[in-house]
Structures are given as C-alpha cells and as structure tokens.
Amino acid sequence: MKPAVKRIIFFAALIVFWELGSRFELWHETILPSPISVYDSLVAGFADMTLVYDLIASFRRLLIGLAAAVIIGTGIGILLARSKTADETLGTLVLALQSVPSIVWLPLAMMWFGLGEGSIIFVVILGGTFVMILNVRTGIKNVDPLFIKAARTMGSNGLDLFIKVIIPASVPYFVTGARLAWAFAWRALMAGELLSSGPGLGYTLRYASDFGNMSLVIGVMIIIGVVGAIVDLMIFQRIEKNVLKRWGLET
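Residues numbered from 1 in each chain as written. Predicted model: local features only at pLDDT ≥ 70, side-chain atom pairs only at ≥ 80, totals over all residues. Heavy atoms only, no water.

As recorded in an unreviewed UniProt entry, the chain goes by the name ABC transporter permease, listed as coming from Planococcus wigleyi. Comment text from UniProt for the chain, heading Subcellular location (unreviewed entry), reads "Cell membrane". What UniProt states about the chain under its Sequence similarities (unreviewed entry) heading is, verbatim, "Belongs to the binding-protein-dependent transport system permease family." (UniProt positions renumbered as here; feature names shortened; annotations may be inferred.)

Below is the structure:
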C-alpha cells in the first residue's frame, strides 16, 4: 500500500472517530468542536477573506525571516567551520542560544522593535538561524578528507578548493539545514503572531480563543499543521531526497 493511501485512510478514520465522539457526546462541544463545526468555521473564514489575508501576511513574514535566517546562518556557519578561534568562542554562544526557544526572545524584540512586523520577523530569523549555522558548520567540517587530498594533488588550493570541492560536498547538509530552518521559523512565526496586532494565523488563533470560538481555533491549528506538512513533504523532502541521490548518499 502506497504511503499516500495509508495517510488518507488514517486521517479519514481519525475524522470519523472525531465526529462520532462529538455526536455521542463523549466530550463537550465547547472543549472539542465536531469536524462539521470546524469545517463551517473554515468556510466562513475563507468566504469573508479573513483567513486568506492571514495566510498572505504569515507567508510574507515567513519568507522575509527565512531568507534572512538562511543567509545569516550560512555565513556564520562557514565562519565557524573555517576559523578555529571563531568556533571555540562564537560557536559556544551559538550552541547556548540554539537551546533558547524563539518565543523567549519576543519580550526583548518588542522592546527593540515595538508591537509590529519588526519584532515578529526578528523572532522568525532567530528561529531559523541557529539550526542553519550548526548544519552548515557540520557539513563543511565533515567533508571527506579524500576529496580534499585528491583536489590538492590536482592543484586546487585556497578559495578554489573551498568553492569547487568543500561547498559542493557540503550541499546535503545545507539542504537539511534549510529544511530544519523552515520548520523552526514556521513555529517561531506562529508564536510571535500570538502577541501581534494582526493580521496573521497566530493572531486569528488568539482572537478566536479570546472569544471562545473553539471551532475556529481548531480550524486555524489544522491550517498551520497542513501548511507545515505540505511544504515539508512537497518541497523540502523532495529537494533533500534528490540531493542525497545525486550525491550518492541514498539509493
């Protein structure tokens, strides 16, 4: 059985169980609304364009933050991999900051940038930067020494060796870093938008929660999960798989 068929069967069974539980009142509607109520809320949200504007706003912040995170993370990662002093000093700081959840930076971001786009994008950048740094650093440091020795015997050294041998050999780690940066940035974005003034999926989630609209809360959560899964499965996993096959790391 194909993975897609398995997923369809699993989620169909999950929705049926959810609906039956609501109909037989295994839980209260205000705690967990039925799938039909959630569907109606989603239809209403898309019909009045609220969720459409939310998606556009969230993706705009994500694209800006993720692009900055990948660029900054790649630059610092290369620095840590090429400089022992930087790795022993700045690298230690990166490891420490990487364990700090992005949402923890939000109060500081609000003090610096106010309750606007700047603070949210700042949190998104932090969410993706550190994991990108660590993957780029690891990828460059783990280049097979045989590749480097072979290139040097053919006269490649310095910048030429770095551009033509080390960087291409590290590409699988770069792709994995970008994939993880996307996942962390997406989570950071939702956390940041919870305290924003809108629009955005996180803002609508908080707004619906404040007014007890649990069907919309569940609906927005589903949108967040579906978007995350689609982007990961349809874009990043495919790119990663193709890169690993081309580099001979996967059959």
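Trainee: Please give an account of the UniProt feature "domain: ABC transmembrane type-1" (unreviewed entry) in the chain that cites residues and values.
Mentor: Following the UniProt record, one finds the feature "domain: ABC transmembrane type-1" (unreviewed entry) at residues 55–235. End-to-end, the C-alpha atoms of residues 55–235 are 18 Å apart, and along that stretch the chain is 85% helix and 0% strand. (Helix = DSSP H or I, 4+ residues; strand = E, 2+ residues; numbered from the N terminus.)

Trainee: I'd like a description of the nonpolar core, backed by residues and values.
Mentor: Judged by nonpolar contacts, the single largest core of 41 residues is most densely connected at Trp-182, Trp-186 and Leu-201. Counting only elements with at least two residues in this core, the list comes to helix 2 (35–47), helix 3 (50–82), helix 6 (117–141), helix 7 (145–153), helix 8 (158–193), helix 9 (201–210) and helix 10 (214–246). The dominant element in this core, judged by the number of residues it contributes, is helix 8, at 12 residues. In contact with Trp-186, not counting residues within four places along its chain, are Leu-62, Leu-201, Ile-224, Val-227 and Gly-228. (Core = buried A, V, L, I, M, F, W, Y, C linked by side-chain atoms within 4.5 Å. Buried < 20%, exposed > 50% of the residue type's maximum accessible area, 1.4 Å probe, protein only. Contact = heavy atoms within 4.5 Å.)

Trainee: How would you explain the side chain of Asp-54 if you had to name every residue and give the values?
Mentor: Examined against the element boundaries, Asp-54 turns out to sit in helix 3. For Asp-54, which is buried and forms no salt bridge, the nearest opposite charge comes from Arg-61, at a distance of 7.2 Å. Within polar-contact distance, the side chain of Asp-54 engages the backbone nitrogen of Gly-200 at 2.9 Å. Within the local environment of Asp-54, its side chain forms a polar contact with the side chain of Thr-204, the two groups lying 2.4 Å apart. Setting aside residues up to four positions removed in sequence, Asp-54 forms contacts with Pro-199, Gly-200, Leu-201 and Thr-204. (Lys, Arg positive; Asp, Glu negative; His and termini not counted. Salt bridge = Lys/Arg side-chain N within 4 Å of Asp/Glu carboxyl O. Polar contact = N/O pair within 3.5 Å; in protein donor to acceptor, adjacent residues only side chain to side chain.)

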